[in-house]
Amino acid sequence: MTAEYVSDPYFWFIMIVFPLLLGISLPVLNFIFMKVAVFLNDFENYKTESEYRNFLVLKVFAFRFVCYFATLYYYAFVSSSGFAERNDHGYLASENGILRVATSLIIFVSVAHWWLIFATVYLPILIHRLKNSVREKSFHALRYSLAEIELRLKNWHYLKEFPHLYPDEKKALEESPEDMLKKLKNGHILLSQAMHPVWNETSLPQYNSLADYIYAVTMFAYVTCFSVVLPITPVFILLNTLLSMRVDAFKLCQTRRR
Amino acid sequence: MRQAGLETQRIYGLDRSKVILVVRCPEDRLQDVAEVIRLRLRTKDGLNLPKYLPFRETHAGIFQPSNEISDNPLSHSLFRSNDRQYIINFILHSQVNDTGAQLGQRSKLGRHIQAHVPLHNYERLNILYKTWVLFWHYENWIGRDGRSMSSDRSVDYEVDSKAPPPNTFYRFFRGVFYQPLDSIEQYYGSNVAFYFAWLQHCAVYLVPLSIIGFFVFIAQLNANSWDHWSRIPFSFIVMLWSFLTMVSWNKRAKVLAHRWGTLNYEEEETTRPQFKGSYKRVPNPANPAESIFVRDPITNELVFNNPWWKRALTFSIGILVTLGVTLGLLVMILIFNANRDILIARYFDEENEDGNTFTWDFSAKVIGRTTTGVFAFLSFYFAFEI
């Protein structure tokens, strides 16, 4: 490490951007594999709940272990040969290896973790809001059509008397006022039922405690296995744990069904 | 469902193809079923009885009523909401002959049910939200300190209720380590509460380690080298720390389990509703051309399961796919890192003119180019897994 490297953006590009890419894509892969694991578990057709859960944990944990630790173990134990030909008894090589473990680790516990929080907490909120606005629009359309019928009923007398004045309403006049009244009533009942808060609540996603449990275990493993390499890891994990406590609380209270 | 003693309300969706049925169970019906399934409830304190006993309707007086706030202030239910959910679920899934609604997954009508969703109790949820997420608010600290926030029972901690609440700074930095765990357990169940209890436990134990770690890190930065002497004692401290954390968590988990009545709790092994199986048959010993159903020798019920070869087949397919996907991911990560290594190596190699050219190699051979030790790594990985 010299000052020359530190000031070169390309150096930082190789050092930071690569683990960053990995850190961002791993939660996405995890999410996909979670679906695959649940599908496989359903396919395997376990008789009891505990059996089902154990095999799901086994699958998901094996995958996550590879996800989050492969890079770190790779740098810690394997990759130093690129520098081995230099004759400094491998000192530079190990120093570089440690630097790479450290950058990967710091990315995993900071940016990758925050991205995960965003993906599991705020993204569902955004999706939910989007769905809600679509629903609002359809309510609005229904309300508009009901108001139209109401207006027509009110002015039915005039419509009947002077049909030549309202050429657009010709078709509407074929309905009897009783039918229109019935339609209006049913429409209002439907609207009030469809706008019931229960619909909003049941469209929220379900809480999955397994993913959170596994993440807590991973965080603990980072501290025990890798804080020797990067002594500032516990500080990051402490902040993450405190953050997780409140963010998961928020997630449970506001963005998940019970 | 009405025949099964449940009260229902029907709510149509906008396109009329989906319907929500809001189900409520009256208290006497809850008590009936609770007695049948021998639900274990908490008894009143000071009666010299075991803490938890199976429910009996004739002895309803000895059980502690739940102090939950409900939407209906007149109802004083003996059952907590997760008990109620359990009972309603039981009624929905049991047979019509057993006064149930017979809406399990295998029944004719039950197949059309998309999901069972317990509804939030907003009054309680809002209280929980205020004390849990907005923990630093002034009103949460009137008459209590941070320690008592993690408990609902005031008898557990002696608190000077007349002392004025501390300032915001103190409230935030002390309160951040505490959560209303009892209320969480009551509302969401022990599974969720244990997760948050673990986070809290971990956070408290991480404080000293992160202070030490911070100083070691500063020392390393000052020395401009990773190889500072403090790293050796620090690694011992980390080892000790993880041991201490696990041991104390074991203790804490037992205390919490005792408190929430889940100590030595064993899940009842009932068949999952999604389980697809068939009633087991064997050839009739009297007439080998026919087959007869097998009965369990103990319960005398028909044996309902999956043949062993089917289980073995699906299990092996599942494991193979999992292993394949996991190994595939491992190779992908290794290729990715190996490419990064090549780029770095070329960057540091000053004699090479094109040090900054960006190339990318997608073949698995790239792993071998940077390192011959990849097999050592793989064997290490498997040793760890096993």
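Only a predicted model underlies this, so the values are computations on that prediction, with no experimental measurement involved.

Asks: How should the overall build of chain A be read in this particular structure?
Replies: Helix and strand content of chain A: 11 helices and zero strands. For chain A, the α and β elements follow one another from N to C terminus as α-α-α-α-α-α-α-α-α-α-α. Counting the 258 residues in chain A, one finds 48% classified as buried. Long-range contacts, defined as pairs at least 24 residues apart, comprise 76% of the intrachain contacts of chain A with a sequence gap of at least 6. In the structure as shown, chain A presents an accessible area of about 13,100 Å², 67% of it carried by carbon and sulfur atoms.

Asks: Could you clarify how one ought to interpret the confidence of the model for chain B in this entry?
Replies: Residues and elements named next belong to chain B. Chain-level statistics for chain B give a pLDDT mean of 76 and a share of 76% at 70 or above. This stretch, residues 371–380, has a pLDDT under 50; its non-local contacts, to residues over four places away or in other chains, come to 16 contacts. Scoring of the predicted complex yields 0.78 for pTM and 0.80 for ipTM.

Asks: I'm lost on the packing of helix α6 (residues 181–188) of chain B against helix α7 (residues 190–223) of chain B in this one. Help?
Replies: Between two packed helices, the angle of one axis relative to the other and the distance separating the axes together describe the packing. Residue and element names in this part refer to chain B. Closest axis-to-axis distance for the α6/α7 pair is 7 Å, and the angle between their directions is 155 degrees. Taken as axis vectors, α6 and α7 run roughly antiparallel relative to one another. Contact residues: α6 offers Leu181, Ile184, Glu185 and Tyr188, while α7 offers Ser190, Val192, Ala193, Phe196, Ala197 and Gln200. Taken together, the residues that form the contact of α6 with α7 break down as seven nonpolar, two polar and one charged.

Asks: I tried to follow the pattern of salt bridges on my own but got confused; where do I start?
Replies: Proximity of charged atoms lets side chains of opposite charge pair with each other. Residue and element names in this part refer to chain A. Under the defined criterion, the tally for this structure stands at four salt bridges over all chains. Across the pair Asp212 and Lys251 runs a salt bridge whose closest N-O atoms are separated by 3.2 Å. Residue Asp212 is found in helix α10 (residues 209–226), and its partner Lys251 is found in helix α11 (residues 233–254); the two are separated by 39 residues along the sequence. Each member of the pair Asp212 and Lys251 is classed as buried. Linking Asp248 and Lys251 is a salt bridge whose minimum nitrogen-to-oxygen distance equals 3.4 Å. Of the two residues, Asp248 and Lys251 are both situated in helix α11; the distance of three residues between them amounts to about one turn of the helix.

Asks: Is there a simple way to think about the nonpolar core in this case?
Replies: For soluble globular proteins, the rule of thumb is that nonpolar side chains tend to be buried together. The biggest cluster of nonpolar side chains holds 97 residues, and the ones touching the most others in it are Phe69 and Tyr222 of chain A together with Trp132 and Tyr188 of chain B. Here the element with the most residues in this core is α7 of chain B; it accounts for 14 residues. Leaving out residues up to four positions away in the same chain, Tyr222 of chain A has contacts with Tyr68, Phe69, Leu72, Leu105, Phe108, Val109, Ser227, Thr233 and Ile237 of chain A. Within the second largest apolar cluster, 19 residues are counted, among which are Cys25, Leu39, Ala60 and Ile88 of chain B.

Asks: Can you walk me through the packing of aromatic side chains in this structure?
Replies: Any aromatic ring pair is given by two values, namely how distant the centres are and how the planes are angled relative to each other. The tally for this structure, following the rule as stated, stands at 23 aromatic pairs over all chains. When the centroid spacing of 5.4 Å and the interplanar angle of 70 degrees are considered together, the rings of Phe220 of chain A and Trp198 of chain B count as edge-to-face. Here the residue Phe220 of chain A occupies a position in helix α10, and Trp198 of chain B occupies one in helix α7, the pair thus bridging two chains. For Phe220 of chain A, a relative accessible area of 12% puts it in the buried group. Ring centres of Phe250 of chain A and Tyr129 of chain B lie 6.4 Å apart, and the angle between their planes is 50 degrees; this geometry places the pair in the tilted category. Remark: Tyr129 of chain B occurs in helix α3 (residues 122–132) and Phe250 of chain A occurs in helix α11; the pair is interchain, linking two chains. One aromatic cluster is present, built from ring pairs that chain together Phe135, Trp136, Phe169, Phe172 and Phe173 of chain B. Just above the ring of Phe135 of chain B sits the side chain of Arg246 of chain A; from NZ or CZ to the centre is 4.1 Å.

Asks: Would you mind going over the interface of chain A and chain B with me for this structure?
Replies: Much of the literature gives interface size as the accessible area that the parts lose upon coming together. Counting residues at the interface gives 95 residues for chain A and 111 residues for chain B. When chain A packs against chain B, close to 9,500 Å² is buried across both sides, 69% of that on carbon and sulfur atoms. For the chain A face of the interface with chain B, the top three residues by lost area are Lys47, Arg246 and Arg258 of chain A, together amounting to 10%. In this structure, the connection of chain A to chain B is made through zero salt bridges.

Asks: Before we go on, may I ask you to explain the side chain of Thr314 of chain B in this structure?
Replies: Looking at the secondary structure, you find Thr314 of chain B in helix α9 (residues 308–348). We classify Thr314 of chain B as buried; its relative accessible area is 12%. When sequence neighbours within four positions are dropped, the list of residues in contact with Thr314 of chain B reads Phe43 and Glu44 of chain A.

Asks: Would you explain the environment of Phe172 of chain B in this entry?
Replies: Residue and element names in this part refer to chain B. Tracing the sequence through the fold places Phe172 in helix α5 (residues 168–175). Along the primary structure Phe172 and Phe234 are separated by 62 residues, whereas in three dimensions their C-alpha atoms are 30 Å apart. Filtering out sequence-adjacent residues up to four positions away, Phe172 remains in contact with Phe135 and Trp136.

Asks: Where do I start with the packing of α10 of chain A against α11 of chain A in this structure?
Replies: All names here are of chain A. Following both chains from N to C, one finds α10 and α11 inclined at 170 degrees, their axes separated by 10 Å at the closest point. As the angle between them shows, α10 and α11 are arranged roughly antiparallel. Taking contact as the criterion, the partners of Asp212, Met219, Tyr222, Val223 and Phe226 in α10 are, on α11, Thr233, Ile237, Asn240, Asp248 and Lys251. When the residues that make up the contact of α10 with α11 are grouped by side-chain class, the tally is five nonpolar, two polar and three charged.

Asks: Explain helix α8 (residues 177–194) of chain A to me, please; I cannot follow it from the model alone.
Replies: Residues lying three or four places apart along an α-helix face the same way, a consequence of the helix completing one turn every 3.6 residues. Over its 18 residues, α8 of chain A extends 25 Å from the first C-alpha to the last, a length consistent with the 26 Å expected when each residue adds 1.5 Å. For α8 of chain A, the full list of buried residues reads Met180, Leu184, Gly187, Leu190, Leu191, Gln193 and Ala194 of chain A. In this structure, the buried side of α8 of chain A is in contact with α6 (111–154), α7 (156–161) and α9 (197–202) of chain A together with β1 (7–12) of chain B.

Asks: Got a minute to help me understand a nonpolar patch on the surface in this structure?
Replies: Together, Phe43 of chain A together with Trp308, Trp309, Leu313, Ile317, Val321 and Val325 of chain B line one region of the surface with nonpolar side chains, adding up to about 690 Å² of accessible area. For the nonpolar patch, the element with the highest residue contribution is α9 of chain B, accounting for six residues. You can see Val321 of chain B is positioned in helix α9.

Asks: How do you make sense of α10 of chain A when you look at a structure like this?
Replies: With 18 residues, α10 of chain A ought to run about 26 Å at 1.5 Å a step, and its terminal C-alpha atoms sit 26 Å apart, in line with that. Counting buried residues in α10 of chain A gives 13 out of 18 residues, a clear majority hidden from the surface.

Thresholds applied
Counting restarts for each chain, with residues numbered from 1 along the sequence as it is written. Chain letters and ligand numbers both follow the written order, the letters beginning at A and the numbers at 1. Per-residue local features of the predicted model are confined to residues with pLDDT of at least 70, and side-chain atom pairs are confined, for both listing and counting, to 80 or more; whole-chain, interface and lining totals are unaffected and use all residues. Processing note: side-chain calculations cover all non-hydrogen atoms of the structure and skip hydrogens and water entirely. Numbered from the N terminus, helices here are DSSP runs of H or I no shorter than four residues, and strands are runs of E no shorter than two. Relative accessibility thresholds used throughout: buried, under 20% of the residue-type maximum; exposed, over 50%; partly exposed, between the two (1.4 Å probe, protein chains only). Contacts are assigned to residue pairs with any non-hydrogen atoms lying within 4.5 Å of each other. Note that accessible areas follow from Shrake-Rupley with a 1.4 Å probe, and for residues the cover is restricted to the protein chains shown. One confidence number per residue, pLDDT, is output by the predictor and ranges from 0 to 100. All axes are obtained by fitting lines to C-alpha atoms, using only the stretch in contact for helices, and the reported angles, taken between N-to-C directions, cover 0 to 180 degrees. Our angle categories are set so that under 35 degrees counts as roughly parallel, over 145 as roughly antiparallel, 65 to 115 as roughly perpendicular, and the remainder as oblique. Put simply, Ala, Val, Leu, Ile, Met, Phe, Trp, Tyr, Cys and Pro go in the nonpolar bin, Asp, Glu, Lys and Arg in the charged bin, and everything else, Gly too, in the polar bin. Think of a salt bridge as a Lys or Arg side-chain nitrogen and an Asp or Glu carboxyl oxygen that are within 4 Å of each other. What is meant by a nonpolar core is a set of buried Ala, Val, Leu, Ile, Met, Phe, Trp, Tyr and Cys residues, joined one to another through side-chain atoms within 4.5 Å. Between rings of Phe, Tyr and Trp, where Trp is taken as its six-membered ring, a pair exists when centres lie within 6.5 Å; planes separated by under 30 degrees are stacked, by over 60 edge-to-face, and by other angles tilted. The criterion for a charge sitting over a ring is simple: Lys NZ or Arg CZ within 6 Å of the ring centre, and within 35 degrees of the ring normal. By convention, the term buried area covers the 1.4 Å-probe accessible surface removed from two parts as they join, with the contributions of both added. How far a helix is expected to stretch is found by multiplying one less than its residue total by 1.5 Å. To count toward a patch, a residue needs a relative accessible area above 30% and no salt bridge. Like charges then connect within 9 Å, nonpolar side chains (Val, Leu, Ile, Met, Phe, Trp, Tyr) within 5 Å.

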